[in-house]
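Geometric and topological summary
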Amino acid sequence: MRRFFSFLIPFFLLLSNVFASDYHEQLNLKPLPQSSLLASFNFRSNSSLSQFEAHNFRYFPRSLGQILQHAGTRELHLRFSLGRWDAESWGARPWDGTKEGGTGVELWAWLEADTEEEADHRWRTLTNALSGLFCASLNFIDETRTTRPVMSFRPEGDHPSESLDNMHLLHGVLPHEIVCTENLTPFLKLLPCKGKAGISSLLDGHKLFDASWQSMAIDIRPICEAGQDCVLQIEQTIDMVLDIERSKRPRDNPIPRPSPGHDLKCNTSKPYHSEDTCYPTDFAEGDDWSLDRVFGKAMKGTCPITDSDVPPVCIHVPHTRDIFATDGSTEIKNPNEPSRCYQVSAETDFSIFLPRMSHEGEDAKTLADETVPPAQPLLYAERSFIGHGQEKGGVQTILKNPSPDTAVEFIYMESLPWFMRIYLHTLKTRVEGSLESNQDIVEEIYYRPALDRVRGTQLELRMRIPPASIVFLTYEFEKSILRYTEYPPDANRGFDVAASIITILPSESPNAPPARRRISNLRTTSLLLSLPTPDFSMPYNVIIFTSTAIALAFGGLYNILVRRFVAADEGPEVVGGLKGLIAKIRARRKASAVAKGKVE
């Protein structure tokens, strides 16, 4: 029997290595300007599509797989985002913006259905099920918050041509949703190691939701490669931008306090520097930090089923940057780009330490030796409200192309609530910095008007911005007056308007850089719309006034109907004053005397 088990052990080890290639995870670290750190967690697993359809789940989470099968979902994309990406300081977005969503919760999916009514029914089933799974308010994505994009989204997976005709794309967003720890916990439960080992052990709600910007993404799509079986791929991504100084504060003492004099970081190159005079150093000079101090704990080995060929931790810094790793790890430098990765032991904790590099003395280092300059974004975008008053308003979007020689072609999409009635004839574009006419900016328009309390407004524009130019896109809208029951409890705060979605199309030029040969996404910040708000205290004033009037009228009428009024001389004699008091005393004495006689 022992020989039999000793024969099976190598077989199971070989089988586990084959299965391990279907799952891998990786953490990418990238220091950013102003003492910030970009941390990107990526988890990817593949499951056979035939096994998935046969309800045989291995790495694919069963709870999510059953929902997709019940709702007829062929491709799913879910986003939880919070904060604002500072493109001016941090540069291009991670993953080219494809793993990013608008503020709040964003969901779009391709559903297989024969009719639009059936697709709407399956969409409601999907949103209700995901709402319970992720502890989010996805069940509030009703028909007024659902759109059917025409130009903005394309399937990322490989779908058979015969099934594309029956696939319906639906998109919904909740900009007012607050992302919190309740959404992170079910996210971690979908992972094979569930946050107990590997890079997922670094994820902590206190650190994640203290970040300057964070995004959680789930992408599910079928992948069919030539000559191989189709697989269903689920990719989970968490991106966050941490403030290094704030993240290094201990959890038991998070309140910032002034540092002692001997701990201050001073710029000694100033002529007035002395023991009692300190000029603080710039953020650009960086600071020392370590993985365990930033995330509050060290990484607990590696996940046992992860692909051993994929290094679990990578950091994008120049090769001249000093980095110290824990014992048992192996450093692998990339000769083609300034980055290095680390192979980690499966049983020991792992951390890296980046000391503060000196910018003075003989071995002085420059900023280029410490950080990699952030890549320039393909497009800058910002959006804001214009106008004044409670009746009408306007929206202005500023789009800037920083490239000096290449035009940018993209699709601009707006999903507006039904109570923002836009005037399409007021849509205008104005170009600065280019000699091209305004007619060349907007190439195609898709507009679906809103219906009161039925659906929102959908606007999609195919635009092209010339090199080194700025485009101002403006339009006007009218504010609707809601019923008093349609206002939220915090009506005076305003209504959140979803972020606009910008899909940058790939360049067809053969000389275009790699960043322009693929699709990239960009989302603006959400807006806060102020609507005419009634005085909600007036109903209570009316209720109180009416109740008082009714009480007075009812009380008088009730007294007239129930009580009998007679003249004063017809009623019993009422003795009052001093005579009445004397009569009462005499009556009591007489009653007590009579009672005493009966006793004797």
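Residues numbered from 1 in each chain as written. Predicted model: local features only at pLDDT ≥ 70, side-chain atom pairs only at ≥ 80, totals over all residues. Heavy atoms only, no water.

Side chains of a nonpolar character, in soluble globular proteins, are inclined to be buried together. Counting 69 residues, the largest nonpolar core has Phe-41, Leu-126 and Met-240 as the members making the most contacts within it. Residues within four places of Met-240 in sequence aside, it is in contact with Leu-37, Leu-38, Ala-39, Phe-41, Leu-203, Leu-208, Ala-211, Trp-213, Gln-214 and Phe-295. Counting 34 residues, the second largest nonpolar core, distinct from the first, contains Leu-379, Ile-422, Leu-427 and Tyr-487. (Core = buried A, V, L, I, M, F, W, Y, C linked by side-chain atoms within 4.5 Å. Buried < 20%, exposed > 50% of the residue type's maximum accessible area, 1.4 Å probe, protein only. Contact = heavy atoms within 4.5 Å.)

A separate point is the pattern of salt bridges. Inspection of every chain in the model, using the stated rule, returns 25 salt bridges. A salt bridge links Glu-432 to Arg-430, with the nearest nitrogen and oxygen atoms 2.7 Å apart. Since its relative accessible area comes to 36%, Glu-432 is described here as partly exposed. Given the relative accessible area of 40%, Arg-430 is considered partly exposed. Each member of the salt-bridge network shares a partner with another, and the members are Arg-44, Arg-79, Lys-99, Glu-156, Asp-219, Arg-221 and Glu-235. (Salt bridge = Lys/Arg side-chain N within 4 Å of Asp/Glu carboxyl O.)

Below, the discussion takes up the packing of aromatic side chains. The final tally for this structure, using the stated rule, is 15 aromatic pairs. The interplanar angle of 80 degrees and the centroid separation of 5.6 Å between the aromatic rings of Tyr-487 and Phe-536 together place this pair among those described as edge-to-face. Taken together, the residues Tyr-487 in the loop between strand S23 (469-479) and strand S24 (495-497) and Phe-536 in the loop between strand S27 (527-529) and helix H11 (537-562) connect sequence positions 49 residues apart. Taking relative accessible area as the criterion, Tyr-487 reaches 8% and is therefore assigned buried. Counting every residue linked through ring pairs, the aromatic cluster contains Trp-418, Phe-419, Tyr-487, Phe-495 and Phe-536. The positively charged end of Lys-400 is found above the aromatic ring belonging to Tyr-380, 5.8 Å away from the centroid. The side chain of Arg-430 reaches across the aromatic face of Phe-472, ending 4.2 Å from its centre. (Phe/Tyr/Trp six-rings, centres within 6.5 Å; stacked < 30°, edge-to-face > 60°. Helix = DSSP H or I, 4+ residues; strand = E, 2+ residues; numbered from the N terminus. Lys NZ or Arg CZ within 6 Å of the ring centre and 35° of its normal.)

What follows is about the sheet that holds strand S22 (residues 457-465). With antiparallel pairing, five strands are arranged side by side in an open sheet as S21-S22-S19-S25-S26. Of all the strands in the sheet, the pair left with one neighbour each is strand S21 (442-448) and strand S26 (520-523). Each adjacent strand pair in this sheet contributes to an overall mean axis angle of 15 degrees, direction not counted. (Pairing = 2+ DSSP bridges. Axes fitted to C-alpha atoms, helices over the stretch in contact; angles between N-to-C directions.)

For the rest of this paragraph, the subject is the sheet that holds strand S5 (residues 146-147). Hydrogen bonding along the main chain pairs the strands of a sheet, whether they run parallel or antiparallel. Taking strand neighbours across the sheet as the criterion, the 11 strands line up as S5-S6-S4-S3-S7-S8-S2-S1-S11-S14-S13 in an open arrangement whose pairing is mixed. Both edges of this open sheet fall to S5 and strand S13 (330-333), since each of them pairs with a single strand only. Strands in contact with helix H3 (residues 62-71) are strand S3 (73-83), strand S4 (104-112), strand S7 (213-223) and strand S8 (231-243); relative to S3, the strand with the most contacts, it is inclined by about 125 degrees. Of the strands in this sheet, S3, S4, S5, strand S6 (167-174) and S7 touch helix H5 (residues 116-134), which is tilted by about 135 degrees from S4.

Of all the residues in H3, the buried ones are Leu-64, Gly-65, Ile-67, Leu-68 and Ala-71. Buried residues of H3 fall within an arc of 160 degrees about the axis and therefore sit on the same side. Next to the buried residues of H3 lie helix H2 (49-53), S3, S4, H5, S7 and S8. Trailing H3 by a residue or two, Gly-72 shows a phi angle of about 65 degrees, which is positive. (Arc of directions from axis to C-beta.)

It is worth spelling out the side chain of Arg-383 at this point. Structurally, the position occupied by Arg-383 is in strand S17 (residues 380-386). At 2.5 Å, the side chain of Arg-383 forms a polar contact with the side chain of Glu-414. Reaching out from Arg-383, the side chain makes a polar contact with the backbone oxygen of Ala-498 at a distance of 2.7 Å. (Polar contact = N/O pair within 3.5 Å; in protein donor to acceptor, adjacent residues only side chain to side chain.)

A separate point is the state of the cysteines. Taken as a whole, this structure holds three disulfides when the rule is applied. One disulfide bridge connects Cys-193 with Cys-303, the sulfur atoms lying 1.8 Å from each other. Because the torsion about its S-S bond is 85 degrees, the bridge between Cys-193 and Cys-303 counts as right-handed. Here Cys-193 is found in the loop between helix H7 (181-189) and helix H8 (205-208), whereas its partner Cys-303 is found in the loop between strand S10 (299-300) and strand S11 (313-315), with 110 residues between them in sequence. Both residues of the pair, Cys-193 and Cys-303, count as buried. In this structure Cys-135 is a free cysteine whose sulfur lies 8.4 Å from that of Cys-180, the closest cysteine sulfur available. Among the residues examined, Cys-180 registers a relative accessible area of 27% and is labelled partly exposed. (Disulfide = S-S within 2.5 Å.)

Honestly, it's all geometry; don't read function into it.
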